[in-house]
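In case you want the letters, here they are:
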Amino acid sequence: MGFKKLLFTGVSMTLKKSKRMFEKAKKLLPGGVSSPVRAIKPYPFYTESAAGSRIRDVDGNEYIDYCLGYGPNILGHAHPQVKKAITDQLDKGWLYGTPTELEFTLAEKIAGLYPSIDMLRFISTGTEATMSALRAARGFTGKDKFIKVEGGFHGAHDAVLVKAGSGATTLGEPDSLGIPADFTKHTLQTPFNDIEAMTGLIESNSDDLAAVIMEPVMGNIGPVLPEDGYLKEVREVTQENDVLLIFDEVITGFRLAMGGAQEYYGVTPDMTTLGKIVGGGMPIGIFGGRRDIIEMVAPSGAVYQAGTFSGNPASVAAGIAVLDILEKEKVPEKLNARGDIMRSRLSELVVDRGLDHTVSGVSSMFKIFFGDKPRDYQDVLKCDKTGYIEFFHRMLSNGVFVPPSQFETNFLSFAHTDEDLETTLQAYDVCLR
Ligand SMILES: *Cc1c(COP(=O)(O)O)cnc(C)c1O
């Protein structure tokens, strides 16, 4: 696909089939979609196929993709080796309801990479991972409260849908209807990068505080990075007060380093949740941690957790294949270097034009904030959401699919070529104004 030097003319006139599909879909599916962030206004493009760095819509438009399924496709779409792992498994059946060798092969691999994980359980989504991790933390400590960071997104279960990032913030609904106040009364909130606030909240609640759960890099409002020393200080204050620290590494795991943000920043939590990348694009979630905690999970302990599709062989086989490639090809290191280049080139663009934008990110995560450099959720909310969405549509018209929200991260994949990146930078050049 060549670089289309289109000027922004509203949504491209070539989305006719998508528009028709949206008209049908919205009668059957709320907002015409199966998950809120996909509901691009006035209507989303409907996808026909995807391969490598490209995603193609039903009208035949092709885009360089920086959403990548919102994170999982770190090797790009339809990677042949991952596909082979999945199809080889499909030949042998894809759901047994019995244990398989695949599960401990992947578990052993993960435990070797994450010193915080002695034992783990496979589930099917990141939502289940944080829900179950919190249950295990509460079961282990016998305490009810937990702290989450404002703007942190830990999936869509009741206890964490309070000032939640991702689609919830995009839609201006960081809290949700349908959740009884009683279900969130044990959920405490504190701003990111503010160790005094965190310390104060921990100390004043330590009698009934099971855990702190946080994204070490805020990936669902940004990315917003931890300031120097912040994560270490959180580790210290949780330890001093006998409160478990849970890192939600559903985005950062296998991305910042094979051992996730905890390896990258050198901070070891008590428990870790994983998902997205580790399923190679198939549904997966994992929660793991110290042996004394995870041993309390059923059937070895009394913290109940179960799932028909948990540890399903297709996802686990895909996960094993992905981790092999990430390790052999040194993907995290290489993508971190490319991310640095992307961020510095974008920063040059922003500075050259004298825009009051900020380029943020780490590793293969990057984003232009339409505003000052944010250090927490409140800062992010001050960015120009509307300006960002207009920019998003201009990028789409120029063949580049960046997230349709100021609050979602752009991801680089191993499939993006130098040419892709140059084309993308040209599109930024045309579309930033
Ligand atoms: C996406 C995400 C989740 C939820 O994962 P699902 O698989 O969508 O349920 C949880 N935590 C973080 C940090 C995420 O980015």
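Fair warning: this is a prediction, and the values are worked out from it, not measured in the lab.

J.: Is there a simple way to explain the site of the ligand in this structure?
T.: Within the structure, the ligand sits among Thr125, Gly126, Thr127, Phe153, His154, Gly155, Glu215, Asn220, Asp248, Val250, Ile251 and Lys276. Relative to its free-state accessible area of 380 Å², the ligand is covered by the protein chains to the extent of 84%.

J.: Even after reading the chapter, I still don't get the sheet that holds strand 1 (residues 47–51), so can you show me in this structure?
T.: Sheets are built from strands paired through backbone hydrogen bonds, the pairs being either parallel or antiparallel. In space, the four strands of this open sheet follow the order 1-2-3-13, with mixed pairing throughout. Unpaired on one side and paired on the other, strand 1 and strand 13 (400–401) mark the two borders of the sheet.

J.: Would you take a moment to explain the environment of isoleucine 293 for this structure?
T.: For isoleucine 293, the position within the fold is in helix 10 (residues 291–294). Under the relative-accessibility criterion, isoleucine 293 is labelled buried at 0%. Along the chain, isoleucine 293 and methionine 119 lie 174 residues apart, while their C-alpha atoms are 8.9 Å from each other. Excluding its chain neighbours within four sequence positions, the residues that come into contact with isoleucine 293 are Ala136, Phe140, Leu244, Asp270 and Met271.

J.: Which parts of the structure should I look at to understand a positive patch on the surface?
T.: Taken together, Lys16, Lys17, Arg20, Lys24 and Lys27 make up a surface patch of like positive charges. Within the element layout of this structure, lysine 17 appears in helix 1 (residues 16–28). For lysine 17, a relative accessible area of 40% translates into the label partly exposed.

J.: Mind showing me how you'd approach the nonpolar core here?
T.: Burial of nonpolar side chains together is a common tendency in soluble globular proteins. Core analysis: the largest hydrophobic core is formed by 67 residues, its most contacted members being Ile110, Phe254, Leu323, Leu326 and Tyr428. Looking at this core, the element that brings in the most residues is helix 11 (residues 313–328), giving seven residues. Each of domain 1 (16–66 + 330–431) and domain 2 (80–328) gives at least three residues to this core. Ignoring sequence-local partners within four residues, the contact set of leucine 326 consists of Ile74, Leu75, Phe254, Met258, Ile277, Val331 and Pro332.

J.: I'm lost on unusual backbone geometry in this one. Help?
T.: With glycine set apart, most residues show a phi of negative sign, and most peptide bonds adopt trans. The omega angle of the peptide bond from lysine 41 to proline 42 is 0°, so this bond is cis rather than trans. Counting through the fold element by element, proline 42 comes out in the loop between helix 1 and strand 1. Alanine 298 connects to proline 299 through a cis peptide bond whose omega is 10°. Turning to its location among the elements, proline 299 is positioned in the loop between helix 10 and helix 11. If you check the backbone angles, leucine 68 has positive phi at about 50° while not being a glycine. Relative to the helices and strands, leucine 68 is located in the loop between strand 3 (62–65) and helix 2 (80–91). Owing to a relative accessible area of 1%, leucine 68 belongs among the buried residues under this scheme. At tyrosine 70, a position not held by glycine, the phi torsion is positive, near 60°.

J.: How do you make sense of the layout of surface pockets when you look at a structure like this?
T.: To find the voids left in a structure, one rolls a probe of water-molecule size over its atoms. The volume enclosed by the second largest pocket comes to roughly 560 Å³. Glu103, Arg121, Phe122, Ser310 and Gly311 are, among the 27 residues lining the second largest pocket, the residues nearest its centre. Mapped by element, the contributors of at least two residues to the lining of the second largest pocket are helix 3 (101–113) and strand 4 (119–123). It is strand 4 that provides the largest number of residues to the lining of the second largest pocket, a total of four residues.

J.: How do you make sense of a nonpolar patch on the surface when you look at a structure like this?
T.: Where nonpolar side chains cluster on the molecular surface, the patch consists of Leu90, Trp94, Leu95 and Phe309 and spans about 420 Å² of accessible area. Of note, leucine 95 is situated in the loop between helix 2 and helix 3.

J.: Explain the pairing of strand 10 (residues 285–289) here, please?
T.: If a strand is regular, its side chains alternate between the two faces of the sheet. Summarising burial for strand 10: five of the five residues are buried, a large majority. In strand 10, alternate side chains face the same way, and those of Gly285, Phe287 and Gly289 on one face and Ile286 and Gly288 on the other are all buried. The pairing of strand 4 with strand 10 spans five bridges and is classified as antiparallel. In the sheet register, leucine 120 faces strand 10, and the bridge partner there is glycine 288. Pairing between strand 9 (residues 271–275) and strand 10: five bridges, direction antiparallel.

Calculation criteria
- Residues numbered from 1 in each chain as written.
- Predicted model: local features only at pLDDT ≥ 70, side-chain atom pairs only at ≥ 80, totals over all residues.
- Heavy atoms only, no water.
- Near = heavy atom within 4 Å.
- Areas by Shrake-Rupley, 256 points an atom, 1.4 Å probe, with all protein chains shown as cover.
- Pairing = 2+ DSSP bridges.
- Helix = DSSP H or I, 4+ residues; strand = E, 2+ residues; numbered from the N terminus.
- Buried < 20%, exposed > 50% of the residue type's maximum accessible area, 1.4 Å probe, protein only.
- Contact = heavy atoms within 4.5 Å.
- Patch = residues over 30% accessible without salt bridge, like charges linked within 9 Å, V, L, I, M, F, W, Y side chains within 5 Å.
- Salt bridge = Lys/Arg side-chain N within 4 Å of Asp/Glu carboxyl O.
- Lys, Arg positive; Asp, Glu negative; His and termini not counted.
- Charge placed at Lys NZ, Arg CZ, Asp CG, Glu CD.
- Core = buried A, V, L, I, M, F, W, Y, C linked by side-chain atoms within 4.5 Å.
- Domains from an automatic or database assignment.
- 1 Å grid on protein atoms, 1.4 Å probe; cavity = no way out; pocket = protein on both sides within 12 Å on 5 of 7 lines; lining within 4 Å.
- Points joined across faces, edges and corners; volume = space filled by probe spheres on them.

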